[in-house]
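Each chain, written out:
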Amino acid sequence: GALHAYNPDAQFIRRALVLEHYYKAVGLEALVNGLVDSRDALAARTLADQRIEIYPGGREDISSGRVDVRVVAMISFLAESFGDVRVSCLISGHRLYARPGVISAHIYGRGLDIGALDDVSIYGHQQPGSVTARAVKQILLLPAEMLPRQVISLLGFGGPSFPLADHYDHIHIGY
């Protein structure tokens, strides 16, 4: 209500709510000192967050410092925005190549696959208005320094968001 009274533009309200979730997800330390300087604290908070399910290899990827801090911040942002998040792939368990001749962003710690949000599987939930559509649209409203180079699902909303048929069961977010 207060946002609408300040500015009734729907896009302004959506962006303000996304920023609220992002700021809460990364915390004051990261906002003041920067993500890189807050990497260890953000990683520890993410690994301790009961809303976030990460497979054992992915937990090790984060705790060993191999994962880009933007990926860790994205996981926290999605937990803040949707409640529950299931990370299906970070570095461990991903193949070297994304497609022939192209090394995957996952291998460098700059890729993230999300298998479920808000206790809803991405598989079978990629139509307009779905949890996948809401997540992709929110990701596209993040600040420039957090905007991924790739947001791949079965949906395409422009910018770094585009559809690929083999992403029927996850959202790929790559930096």
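Grouped burial of nonpolar side chains is what soluble globular proteins tend to show. Core analysis: the biggest nonpolar cluster contains 42 residues, and Met74, Leu78 and Leu117 have the highest contact counts within it. Elements that contribute at least two residues to this core include exactly helix H2 (10–33), helix H3 (39–48), strand E1 (52–54), helix H5 (69–82), strand E2 (85–89), strand E5 (111–117), helix H6 (131–139) and strand E9 (171–174). A per-element tally of this core places H5 first, with ten residues. If we skip the residues at most four places from it in the chain, Leu117 touches Leu78, Phe82, Asp84, Val85, Ile122, Val131, Ala135 and Ile171.

Turning next to the pairing of strand E7 (residues 150–153). One ladder, built from three bridges, connects E7 with E9; its direction is antiparallel. Residue pairing across strands places Ile152 opposite His172, the latter belonging to E9. Both E7 and strand E8 (residues 161–163) contribute to a ladder of three bridges, which runs parallel. Bridge assignment links Val151 to a residue of E8, and that residue is Ser161.

What follows is about helix H4 (residues 56–63). All buried positions along H4 are accounted for by Gly58, Asp61 and Ile62. Buried residues of H4, viewed axially, fall in a sector of 95°; they line one side. Packing partners of the buried residues in H4 comprise H3, E1 and H5. Phi turns positive, to about 80°, at Gly65, one or two residues after H4.

The full count for this structure, using the stated rule, is two aromatic pairs. Relative to Tyr23, the ring of Tyr22 has its centre 6.0 Å away and its plane inclined at 55°; by these criteria the two rings are tilted. Overall, Tyr22 belongs to the buried group, its relative accessible area being 4%. Residue Tyr23 is classed as partly exposed on the basis of its relative accessible area, which comes to 41%. Here the aromatic rings of Tyr123 and Tyr168 are separated by 5.9 Å at their centres, their planes lie at 75°, and the arrangement is edge-to-face.

Reading the values: rules and limits
Residues numbered from 1 in each chain as written. Predicted model: local features only at pLDDT ≥ 70, side-chain atom pairs only at ≥ 80, totals over all residues. Heavy atoms only, no water. Core = buried A, V, L, I, M, F, W, Y, C linked by side-chain atoms within 4.5 Å. Buried < 20%, exposed > 50% of the residue type's maximum accessible area, 1.4 Å probe, protein only. Helix = DSSP H or I, 4+ residues; strand = E, 2+ residues; numbered from the N terminus. Contact = heavy atoms within 4.5 Å. Pairing = 2+ DSSP bridges. Arc of directions from axis to C-beta. Phe/Tyr/Trp six-rings, centres within 6.5 Å; stacked < 30°, edge-to-face > 60°.

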